[in-house]
Amino acid sequence: TFEFVITPGRDLAERWRKRHIYLRKYADPAIYWIVFNMEDKVLGSSKALRRAICLAYDVENHIEVLYNGRGRRAVNVIPSTFEGHRETGPGPYYRLDVEEARRQIAEAKRELAAAGALPDGELPELKLDLGDQSAYAARFADFARQQFAKIGLRLKVIFNDWPTLQQKVHNKQSQMYTMGWHADYPDAENFLQLFYSPNIDKGTNNSNYSNAEFDRLYEKIRTMSPSPERLEMYVRMARMISEDVPVL
């Protein structure tokens, strides 16, 4: 019903205003992503494959088509209203560049062959778990298949209910899946803690990302008061995630 209520200019249609119905607009400090299971033999073995998927996926079009334009591309893992987002800057692979994605696919084949994950010389079919079985999920699946196909990747979409998806993620049974994080408090640490490796066992590092240097910095910043030194560490950590791309 969105188009019957909201105008192309993203305002409330006049007929609703006459009935004393009001439109409130606000920004949520939340990020939604496709998560890559870093312990998966295929995705975890090839940074180039993860980068290729990020570069090929048209996030702006996804927001327009599936969210009626309500949102904007996340260019790093810190919400845009939090300290550290602007200083970190856009990640090098969180943009649309299909040609670069194809170059990364060539590198991915070399990485996967070296890891013994390219047995027949072809990239295997990838699997994406959704926690929804609605008409929206079906549209999401069609859109995602189109994005992966642009760089020659086959995608199987699995429709789950939300508890089933959570159980699969907890048991590390999902190769890729959709999820998000709403800030508990207005600080970048709330998002950085999602990539701290001891939090894998606690269930908050759901990508199973592990980076010793990231962990070392996180153990410093988690007890620091706000300061230029802490901000500099936030930036270094967020840029590590942008380079390693455990999430799209």
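*Asks:* Mind laying out the overall build of the protein chain, listing which residues take part and the relevant values?
*Replies:* Broken down by element type, the protein chain carries twelve helices and four strands. Relative to a compact globule of 248 residues, whose C-alpha radius of gyration would be 18 Å, the protein chain shows 19 Å and is just as compact. For the protein chain, the spread of C-alpha atoms along the three principal axes comes to 65 × 50 × 35 Å. Taking contacts inside the protein chain between residues at least 6 apart in sequence as the whole, the part at least 24 apart equals 67%.

*Asks:* Pulling in residues and values, what's your account of the nonpolar core?
*Replies:* Counting 69 residues, the largest nonpolar core has Trp-33, Leu-49, Ile-53, Tyr-57, Leu-153, Met-176 and Phe-195 as the members making the most contacts within it. Per element, the largest residue contribution to this core is seven residues, and it comes from helix H3 (residues 47-56).

*Asks:* Any chance you could break down the sheet that holds strand E1 (residues 30-36) for me, citing the residues and the numbers?
*Replies:* A sheet is described by the order of its strands in space; here four strands give the open sequence E1-E4-E2-E3, paired in mixed fashion. Two strands close off the open sheet at either side, each with one partner strand: E1 and strand E3 (155-159). Pairs of neighbouring strands in the sheet enclose a mean axial angle of 30°, with direction left out of account. Together, strand E2 (126-130), E3 and strand E4 (176-182) form the strand contacts of helix H8 (residues 162-170), whose direction differs from that of E4 by roughly 100°.

*Asks:* An account of the pattern of salt bridges is requested, with residue identities and associated values reported.
*Replies:* Any two side chains of opposite charge can pair, on the condition that their charged atoms come close. If you walk through the whole model with that rule in mind, you get 18 salt bridges. Close ionic contact of Arg-236 with Glu-232 constitutes a salt bridge, the shortest N to O distance being 4.0 Å. In this pair, Arg-236 and Glu-232 are both assigned in helix H12 (residues 228-244), four residues apart and thus about one turn of the helix distant. Take Arg-236: its relative accessible area is 33%, and that puts it in the partly exposed class. Linked by salt bridges that have partners in common, Glu-213, Arg-216, Glu-232 and Arg-236 make up one network.

*Asks:* Give a detailed account of unusual backbone geometry, specifying residues and quantitative values.
*Replies:* With phi around 60°, His-20 is a residue other than glycine that occupies positive phi space. Residue His-20 is classed as exposed on the basis of its relative accessible area of 60%. Despite not being glycine, Asn-208 has its phi angle at roughly 60°, a positive value.

*Asks:* Got a sec to walk through the pairing of E1? Specific residues and values, please.
*Replies:* Here E1 lies mainly inside the structure; six of its seven residues are buried. One ladder, built from seven bridges, connects E1 with E4; its direction is antiparallel. The residue of E4 that forms the bridge with Tyr-32 is Gly-180.

*Asks:* Talk me through the environment of Ala-149; I want residue IDs and the actual numbers.
*Replies:* Structurally, the position occupied by Ala-149 is in helix H7 (residues 135-149). Sequence separation between Ala-149 and Ala-56 is 93 residues, and the spatial gap between their C-alpha atoms is 9.2 Å.

*Asks:* Lay out the packing of helix H11 (residues 212-221) against H12 with the relevant residues and their values.
*Replies:* The axes of two packed helices give the description: the angle between them and the distance between them. Where H11 contacts H12, the two axes come as close as 10 Å, and the packing angle between them is 150°. What the angle tells us is that H11 and H12 run roughly antiparallel. Considering how the two elements wind past one another, H11 and H12 form a crossing that is left-handed. Along its contact with H11, which presents Glu-213, Phe-214, Arg-216, Leu-217, Tyr-218, Lys-220 and Ile-221, the element H12 presents Arg-230, Met-233, Tyr-234, Arg-236, Met-237, Met-240 and Ile-241. Among the residues making up the contact of H11 with H12, the classes are represented as nine nonpolar, no polar and five charged.

*Asks:* Summarise the environment of Phe-140; cite the residues concerned and give the values.
*Replies:* Along the polypeptide, Phe-140 turns up in helix H7. Spatially, the C-alpha atom of Phe-140 lies 40 Å from that of Thr-223, the residues being 83 residues apart in sequence. Beyond its immediate stretch of four places on either side in the chain, Phe-140 contacts Tyr-57, His-62, Leu-66, Leu-128, Leu-130 and Thr-178.

Thresholds, definitions, all that
- Every chain is numbered independently, its residues counted from 1 as its sequence is written.
- The predicted origin of the model limits local features to residues at a pLDDT of at least 70 and limits the giving and counting of side-chain atom pairs to 80 or more, whereas totals for whole chains, interfaces and linings rest on all residues.
- To obtain the side-chain values, all non-hydrogen atoms of the structure were included, while hydrogens and water were left out.
- Labels follow the DSSP assignment, with helices taken as runs of H or I lasting at least four residues and strands as runs of E lasting at least two, numbered in each case from the N terminus.
- We compute the radius of gyration over the C-alpha atoms and compare it with the globule rule, which gives 2.2 Å times the number of residues raised to the power 0.38.
- Throughout, a contact is declared for two residues whenever any of their heavy atoms are within 4.5 Å.
- Definition of nonpolar core: a set of buried residues of the types Ala, Val, Leu, Ile, Met, Phe, Trp, Tyr and Cys, connected through side-chain atoms within 4.5 Å.
- To sort residues, take the accessible area from a 1.4 Å probe on protein chains only and compare it with the maximum for the residue type: under 20% means buried, over 50% means exposed, and anything in between is partly exposed.
- The rule for pairing is simple: two strands pair if DSSP sees at least two bridges between them.
- As a rule, the C-alpha atoms of each element are fitted with a line to give its axis, helices using only the stretch in contact, and angles between N-to-C directions run from 0 to 180 degrees.
- Salt bridges are defined as contacts in which a side-chain nitrogen from Lys or Arg sits within 4 Å of a carboxyl oxygen from Asp or Glu.
- Orientation labels follow simple angle bins: below 35 degrees gives roughly parallel, above 145 gives roughly antiparallel, 65 to 115 gives roughly perpendicular, and whatever is left gives oblique.
- Crossing handedness is read from the near helix: turned anticlockwise from the far helix by less than a right angle, it gives a left-handed crossing, and turned clockwise, a right-handed one.
- Put simply, Ala, Val, Leu, Ile, Met, Phe, Trp, Tyr, Cys and Pro go in the nonpolar bin, Asp, Glu, Lys and Arg in the charged bin, and everything else, Gly too, in the polar bin.

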